[in-house]
Structures are given as C-alpha cells and as structure tokens.
Amino acid sequence: MRTVFKTSYDADIDLFKHGAQRNWYILLLVAALLLPFVLSEFALGEMTNLLIWSIACMGLMLLVGQTGQPSLGHAAFLAVGCYANVLLQERLGLPFILSFPLAGLIAGVAGALIARPMTRLHGVYLAIGTLALAILTDDLIVLATPLTNGVMGLFAPDIQIFGYGFNRYGNPIRLYLLILAITVAVVLVYRNIQRSPLGRSFAAIRDSEISAQAMGVNVARTKAIAFGISAGITGLAGALIGHYAGIFNNETFNVILSIQLLLAVVIGGLGTIHGAFFGAAVVALLPQAIAISRDLLGKVMGGGTIAIPGLEAAVFGAILIAFILFEPQGIYGRWFKIRTFFELFPFYRRDMFRRQKSYLKTERMR
Amino acid sequence: MDVLQLLVSGLANGCVYGLVAMGFVLIYKATEAVNFAQGDFMMLGAFICLGLTNPQFMGLPFWVSVPVAIAIMGVFGYALDLVVLRRMSGQSQIAVIILTIALGFVLRFVAGLIWGHEPISLASPIAGKDIRLGGVVLGMDEIMVIGVTLAMTIALYFYFNRTKLGVAMQASSQNQLAAYYMGIPVKRIQSLIWALAGMVAAVAGILFASKGSIDPSIGLLGIKSFAAAVIGGFGSLPGALLGGVIVGLIEPFASRYIAAGYAQIMPYLLLFVILIFRPHGILAQVHQKKV
Amino acid sequence: MSLLEIDNVTLRFGGVTAVNQVSFNVEEGEVFALVGPNGAGKSTLFNLISRIYNPAEGDIRFDGKSILDKAPHEIAPLGIARTFQNIELFEQATVMQNLLVGRHRHRKSNMWSELLFTPYVRTEERRHRAAIEKVIDFLDLQAYREKYIAGLPYGVRKVVEMGRALAIEPRLLLLDEPASGLSVEETQDVAFWVEDIKKQMGITVIMVEHDMHLVSSVSDRVLALADGKMLSLGKPHEVQNDPRVIEAYIGASDQNAEVSA
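Residues numbered from 1 in each chain as written. Chains lettered and ligands numbered in written order. Predicted model: local features only at pLDDT ≥ 70, side-chain atom pairs only at ≥ 80, totals over all residues.

A. Local environment of the overall build of chain C. Per the secondary structure count, chain C includes nine helices and 10 strands. Computed over its C-alpha atoms, the radius of gyration of chain C comes to 19 Å, within 12% of the 18 Å expected for a compact globule of 261 residues. Here the C-alpha coordinates of chain C stretch approximately 60 × 40 × 35 Å along the principal axes. The proportion of buried residues among the 261 residues of chain C is 44%. Put simply, of all contacts in chain C between residues at least 6 apart along the chain, 65% involve residues at least 24 apart. (Helix = DSSP H or I, 4+ residues; strand = E, 2+ residues; numbered from the N terminus. Rg over C-alpha atoms; globule rule 2.2 N^0.38 Å. Buried ≥ 20, exposed ≤ 12 C-beta atoms within 10 Å, placed from the backbone. Contact = placed C-beta atoms within 7 Å.)

See below:
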C-alpha cells in the first residue's frame, strides 16, 4: 500500500491523491479517446449509451450515495430534461448548446421544488413518495399531450453545434466524443462537490441529521440543493437519451426505468464515482450480453434463438440480489478488495474487510 | 343504482389492495422491512391456485386447491426469509427495499416462464354468478371478496394485539437484540411473519383472480397497494384496509366524474397530499430520535 | 449581563414535566456543571438550548437576545457548540471530514463557486484546514486524521466529537457526558482539556456529567437537578453536601449515583 507523505494542505484538496493516481486516470482518458479507432460502429454506440447511463447514475449517486436520500423516481427528471431539451429546440428554436444546459437547469429547479415536500420524508416514506413521482410522470406526459404529443411521442432532432452535426448513425465518433466530454465535465463537478463544504454537508446529513443541524447545516435547504443538483445532472442525461434514442414517449420514462437506475447505483457501489460507472456498465451492457449468450446457447442447443420476455429484468434482479447478499458494497467494493489484495500481496488477510455482525434497531426513531 | 354498483366494485377492488397492503404492514410491524415484492407474492399466489385448479394444468377441485395454494405460499414466505432475508439482518431499510424490488423482477419472470404472459382466468365456481337485491345486480365474486377481507382483517387484528406470539412479533422489531435477550426466538418469528404475509398474499391473489383474468404483470398492483398502506397509516392493519378501500373507491369515481385519464393518478395525488401534511403517514410511527 | 440566561423554562412531554421552571445564568468564562440522577432533565436542557425542543414556558437568552425564534441550524452560527450523550458523529467519513463539517459555520463560498472549485474555494479550504490543525494538535488526534469513524474505539470517538464542537470556534460549549464510558486516564485528559478550553481558548463550558470527581475538579459552579426541578445551585462542594441532593440520589436509589467526594 502506498504511503503518501502530505507536505501541504493541498495534498488533501487536490483532485488526485498522488501523481501515480493522476497518471492512471490520464491513461484511462487517453484509452477512452482512442476507443473510436478500435471499436466497430455498433460497439461504439454501446459505449456512448454506457456514458449516458453513467451521467444519469452519477446524478442519482449524488443523492443516494452522497446525501443518503433514496429516490425511486429519478426517471421523472430524465423525462423533464429530455422533453425540455427537445421542446426548447423545436418550439423556441434554441440551438443545442443553449437548450442542453437549460434542460439541465429546468430539471434541477424541478428537483429542488419537489425536494421541499419530499425531503421531510424518511426511509420508506421517501421511497414511496418518489415512486409515486415516477408513476405520475408517465401519466402526466400523457395528460399534457398538446405539449408532449403523449403516447405518439416526439422526435429528437440531430444535435447541431456550430454547423457540425452529431448523429448516432451519421457520425457516431463525433457523438461519442461529445458525450465523453460531457461525462468528464460531470465527473469534475462531482469531484468538486466531494471536496468542498457542500459535499461534506451532504455526507453530514446522510450520517446524522441531528448533528448536522447542530453544526449549523440547514438540513432542509441542503437536501433541496442535493435534490436539485442530482436532478439537474439526471436531466442532462435525459436530454442525451432523447438524442440517442431519436424518438421517445411516456413509455420511455416508465417506473421500471426509475427502479433500474436505483438498482444500478446499488450494484455499482454506493457513494463512489466508480460505482456510478460500474452500475451504468451493468445496465447498459446487460441486454447485449444476454442477447449474445442467448445466441451462443441457441447454437449449442441446436435450436434457433428463443425470445424470453422479462429475462433481462430477471437476470438484472438476480445479479442485484447476489450483490446485496454477498457484496453490499457493490462492484466497487469487490474491486477495492481485489486491488488491496495485490497491493498488499502476500499479506492480505481474508478477514480484512469482514463485516461486523449487526442487529436491527428500529428506524422509526430519527 | 349505478352509483351503488360502482361503490361495490370499487369496494371489492379496494379490499384486494387492502389485503396486499396488510401484507406490507405485517412485515413492517414485525421486521421493519418493507417487502416491495408483496404484489408479486399476490400474483404468485393467484397463479399457484390457478395452476392447481384450471383444467389445462392440474385440474384439482377449487376448494382443494385454495388451501393448498395458501399453504404453498406460506412455505414459500418462510423459506424466503430463511434463505435470503435472514442474511439482511441489521442492514438498512433501503437495502431490503431494493432486494425485494429485485425479487419481484425474478418472480414475475418465473411466473411468466411457467404460466405464460397471456391473461388467463381462474376456473372459480363463483365467477359470473350474480345476486339480485331489488333492482341491483351485484357480482357474487365481489361480495365474497368483501366478506373474506373483513374476516381476515378482524382475525389478524386480534392476533397481533391479543395473542402472545403477536405481541412478541411487534417486540422483535423494536430492538432485535433486546427481544432476543428476553427469550423471544427472533429468527423464527421473523420467518413466521414472512410465512403469514405469503398466506395473506395468496388469499388476496385468489380473490383477485376470481374477479377477472390475471397475468404476471398484476404484481405491479403492489405499488398501488403500497400507496394505500401509506394513505391508511403504515403500521396499522385496519389502517391498511382503510387505505385500500379509499384507493379502490377513488379510482372508479374519479374516472366517472373527472375524466378517464385521472383514475390512475388520483391515488398518487392523494398520497402526495397525505405525505405533505403527515410526512410519516396518518398514524405516525416515526418519532424523533433521543439524543 | 450573563452569556446564557435560562429564564423560568418549562417543558412537558404529554403528562410528564421534563423540565420544571428552571432558571439559571451562566457567566462568560466559567465552567458550569449540570448533575442529577437519570431522567433529571439535564440532556433535555441541552436539547432546549439546541432548539430541538420548544419550551412550553419561559425564555432562553444568549448574549442578551432570546434564541427561541431561531431554527436548530441557526444555533451553531451564534457560537453555541455541543456534543451528544450517545455520540452522533458522521460514521462514514474520516476524522478530518468530521472536523471540517464543524467549520460549516465559517463557510463563505457559495454553491456555484464550489461546483467549479474556484481558486477562492481553495483558499478557503486551506484556511479551514489550518484552523482544524489547531484542534487536532490540541486534542492529540494526529494519528487518526484519515481514519474512518466507523472503525474507531469509543474513547477516540468521544474526543473527535469534542474536537468537532471546538472546530465551530464557539463562545459556549455544551458537553453532554464527556467522560461517560472513558477510562480513568481518559477522564483525566478530559479534565485537562476542559480546563484549557476555559483558560486558553476563553470558551464558556456547560457540562452534563455523572463523574462527581471530574465535576468538582473542573467546574466553577454546579446545578443539581432532579425530576426536572432545580435542587441546589452553588460551588461544587456546597452542592455535594446539600442534604436535598444527597436525598435525591439515595432516595432515587439510582444505579448511576456516584456521589463520592
């Protein structure tokens, strides 16, 4: 394990813990930039999808992992971002470069407004409240048909920035690079939150509201800010989903999507940026992985490919159950253990990360 | 006239919601976990009964398959706690919520695999029979749903408040370790409560199936029942039934008197109103932590 | 004018009167101790000052101004810091991060500059860390700086919580049972620290404590409470020898009675 000798306060404040860590992340970024030259167009499209999911997961992670407020209704903010972006372009004729950040802002404001009643709730009540939000979104889109075109859906125009077009099929490399840039920007903002007083007040609320309050943290306001930023980032992802999918309607943003998003951050590992990416990778790549394994299985068994409805959700559910039971820290937790194993080799002990036995005490006391 | 029929069918729907809501409340009261798969338990119970009864599957007599289905769901609930949920002891409420949501996905898939995704009707002897009271035609199925639900609620209420085991179940949720030291077999009690919830879900499922055709996605009805449980006051059995009935009634009347599209959203709007004014439900169960 | 004035405060929970017409003043620069059997209303008084509870009657004034119109999160900015009886630290964060949350009162940067992490935010962060360093030095927490609270022993947690309260740079510090569950040596440390907090930092301290030895060695004045009512107020030895106090402890046959001179 590396020991870092800190010689200035900046060692704690900087983005990276040490030079080697910085180099690894630069290497990762270079690899991401080189992907278009390696991957096929189809695979690149999948990577683009993964990045969009990562943005959405980071949005939700900020709320669930950092602030400790579970939301089962984040598809609502995906929808707000998506519709706002397209409507701003179509109805008001705004260019993408304006409509995109505005869509994030609108989703953020919506989140902060909804947060006021929502964040007075705890645990189960917050879960059901946000779940109701997700269900209402679906119905509200239909009720607002004049604006949203209801079940018929809307078409998203191609992204145009200064005359350059970005289309999933026309210029996939450009679209990938654009979304990669947005992803990196979101990661930076996330890191900035983590290392500033704002992020610490989020963590304070997650761990003990009563003592956060005693430290002078305005709990209601901070939760509203967390909801707002989280919804804003999620809204940006929503806008990108619209452009990526090309067409969308109320069904695109149903309850299952909200639930999937929450499940993704849990599988990935709560409270870390890594976790958001791992979770996104599982959700985004699972359908393809299942399709491929089904084809393989079909060939081995000699039969054709069989379509089994609900298989995707079931496999996803099974993976999740396995993780909650055996690795509650998610993929990130597992990765962290493996990394520690190699760093300490051969001194890693099996009980190093053993969980303490714990007993349930009522959560009705807050 | 019309209003009366609307009332009775709404009441019957509400009773099913209420029964599923009671499943939530049972588990919540005793283990403080929230079983988001309760709706899927109901679906599974309905399908097991259907699988035993319908001629294209096992073809057993209805009155044999009903107790068998209830028993199977009881064993299923017990086993689920034994194998899966016992490991979750001490983890946060939200982890259990997520686990049970995932479980719901899996259950829906399994049911679809066995019984298919096409709607099927249960071959119930009471389906399609009517009772005529004056000029009003009431479905026999609806009357039965209401009657059985009332009986179940009363029985469960007394069980929880008057019997030793019922009180022990409540005690074990407040503080597991303390309950354990007091000689309450916490683990077995938790498994029993899951068995009970499975049985209640089976009853709800059979009643639901006797009113119309079913498919694996009816498990999503659990979400509405959950809203009902919160509206009525999480943690109270009669409250759960009350919430279920409110939701059951508000739906047909909203679609009748406002607009068809509003039937779906009314329960959730009501839920929001209640959550805003009573953040912890009508019968508050959350108290400020002592510091 | 006294720093803190508790003026005829009463608090009822349903039929129980937890605090019954309690009045006392705490002067700037003194160490004031609250003693009494369990359920006497000591921690409840702290919760009243923290604005977690609302008194039914009476007034609480800090620096001459009533604090009853303040929300709970507006108390720390006034310069009132506290610790909790059962330790309420941020478990999933490091000692450093916990102490930094204590600096929240001194936060000057706003949300947007923090999202972009402007150079000003960095300057502020350095300033906060320099201030925290003093607390770490004072309480000897160097070894635990980067450790997560969840893995720390009980004694260290108690110290971290005191540190977090000091990071607020308060004028008034409320310590809720700072020595409960600590070893003799650790209690000794607490005694020295309270002394230094008063003398070096000039912070007024109100302390709830059962350990009468600690109370009599550090406090200037002691208030004994029982069943929410004031029993006796005065110098430590006066209160200890007050027949009503002895009666309350022995009469209540409370297992926490530690009235030993």
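B. Focus on the overall build of chain A. Scanning chain A from N- to C-terminus turns up 15 helices and four strands. In terms of C-alpha radius of gyration, chain A reaches 21 Å, essentially the compact-globule figure of 21 Å for 366 residues. The principal-axis extents of the C-alpha atoms in chain A amount to approximately 55 × 55 × 40 Å. Looking at chain A as a whole, 48% of its 366 residues are labelled buried. In chain A, of all internal contacts separated by at least 6 residues, the share reaching a separation of at least 24 is 74%.

C. Examining the environment of Arg244 of chain C more closely. Residues and elements named next belong to chain C. Looking at the element boundaries, Arg244 is found in helix H9 (residues 243–252). By C-beta crowding, Arg244 is classed as partly exposed, having 14 other C-beta atoms within 10 Å. The spatial distance from the C-alpha of Arg244 to the C-alpha of Leu231 is 6.6 Å, given a sequence separation of 13 residues. The contacts of Arg244, once residues within four sequence positions are left out, are Leu231 and Ser232.

D. Spatial organisation of the packing of helix H14 (residues 311–326) of chain A against helix H4 (residues 93–115) of chain B. Put simply, H14 of chain A and H4 of chain B touch, their axes get as near as 8 Å, and they point 145° apart. Every pair of crossing elements has a handedness; the one defined by H14 of chain A and H4 of chain B is left-handed. For the pair H14 of chain A and H4 of chain B, the contacting residues are Leu311, Ala313, Ala314, Phe316, Gly317, Ala318, Leu320, Ile321 and Ile324 of chain A in the first and Ala95, Ile98, Leu99, Ala102, Leu103, Phe105, Val106 and Phe109 of chain B in the second. Classifying every residue of the contact of H14 of chain A with H4 of chain B by side-chain character gives 16 nonpolar, one polar and no charged. (Axes fitted to C-alpha atoms, helices over the stretch in contact; angles between N-to-C directions. Left-handed = near helix turned anticlockwise from the far one by under 90°. Nonpolar A, V, L, I, M, F, W, Y, C, P; charged D, E, K, R; others polar.)

E. Spotlight on the sheet that holds strand E4 (residues 57–62) of chain C. Residue and element names in this part refer to chain C. One open sheet holds the four strands; their spatial order is E2-E1-E4-E5, and the pairing between them is antiparallel. With one partner strand each, in any of the chains shown, strand E2 (16–26) and strand E5 (65–66) form the two edges of the open sheet. On the sheet, helix H1 (residues 42–49) packs against strand E1 (4–13), E2 and E4 and is oriented at approximately 70° with respect to E2. (Pairing = 2+ DSSP bridges.)

F. Structural context of the domain arrangement of chain C. Residue and element names in this part refer to chain C. Here chain C is partitioned into domain 1 (1–79 + 170–261) and domain 2 (90–167). When each unit is reduced to the centre of its C-alpha atoms, the spacing between domain 1 and domain 2 is 27 Å. Counting residues at the interface gives 11 residues for domain 1, matched by seven residues for domain 2. If you list the elements that add at least two residues to the side of domain 1 that touches domain 2, you get strand E7 (172–176) and helix H6 (184–199). Taken together, the residues of the side of domain 1 that touches domain 2 sort by class into eight nonpolar, two polar and one charged. (Domains from an automatic or database assignment.)

G. Here's a closer look at the pairing of E1 of chain C. Across seven bridges, E1 of chain C lies against E2 of chain C in antiparallel orientation. Across the sheet, the residue bridging to Glu5 of chain C is Asn25 of chain C, located in E2 of chain C.

H. Quick look at the sheet that holds strand E3 (residues 31–35) of chain C. All names here are of chain C. Pairing is mixed in the open sheet, where six strands are placed in the order E6-E7-E8-E3-E9-E10. Single-partner strands in this sheet number two, and they are strand E6 (80–82) and strand E10 (229–234). Each adjacent strand pair in this sheet contributes to an overall mean axis angle of 15°, direction not counted.

I. Up close: the confidence of the model for chain A. Residues and elements named next belong to chain A. Looking at chain A as a whole, its pLDDT mean stands at 87, while 92% of the residues score no less than 70. Per-element mean pLDDT across chain A ranges from 81 in helix H15 (residues 330–344) up to 96 in helix H11 (residues 219–245). Considering only residues more than four positions removed or in separate chains, one finds that residues 360–366, a stretch of pLDDT under 50, has 21 contacts. (pLDDT = per-residue confidence, 0-100.)

J. Representation of the confidence of the model for chain C. Residue and element names in this part refer to chain C. Within chain C, residue pLDDT values average 90, and 96% of them lie at 70 or more. The low-confidence segment residues 253–261, where pLDDT is below 50, has 18 contacts with residues more than four positions distant or belonging to other chains. With pTM at 0.89, the complex prediction returns an ipTM value of 0.88.

K. The packing of helix H4 (residues 75–91) of chain A against H11 of chain A, seen in detail. Residues and elements named next belong to chain A. Interaxial distance between H4 and H11 falls to 6 Å at its minimum, and their mutual angle equals 55°. Regarding the angle of H4 to H11, the classification is oblique. The two elements H4 and H11 meet at a crossing, and its hand is right-handed. Counting all contacts with H4, which are made through Phe77, Leu78, Ala79, Val80, Gly81, Cys82, Asn85 and Val86, the residues of H11 involved are Ala231, Thr234, Gly235, Leu236, Ala237, Gly238, Ala239, Ile241 and Gly242. Here the contact of H4 with H11 is composed, by residue class, of 11 nonpolar, six polar and no charged. (Parallel < 35°, antiparallel > 145°, perpendicular 65-115°, else oblique.)

L. Examining H4 of chain B more closely. The terminal C-alpha atoms of H4 of chain B, which comprises 23 residues, lie 32 Å apart, in line with the 33 Å expected from a rise of 1.5 Å per residue. Counted residue by residue, H4 of chain B has 18 buried out of 23 residues, so it is predominantly covered. (Expected span 1.5 Å × (residues − 1).)

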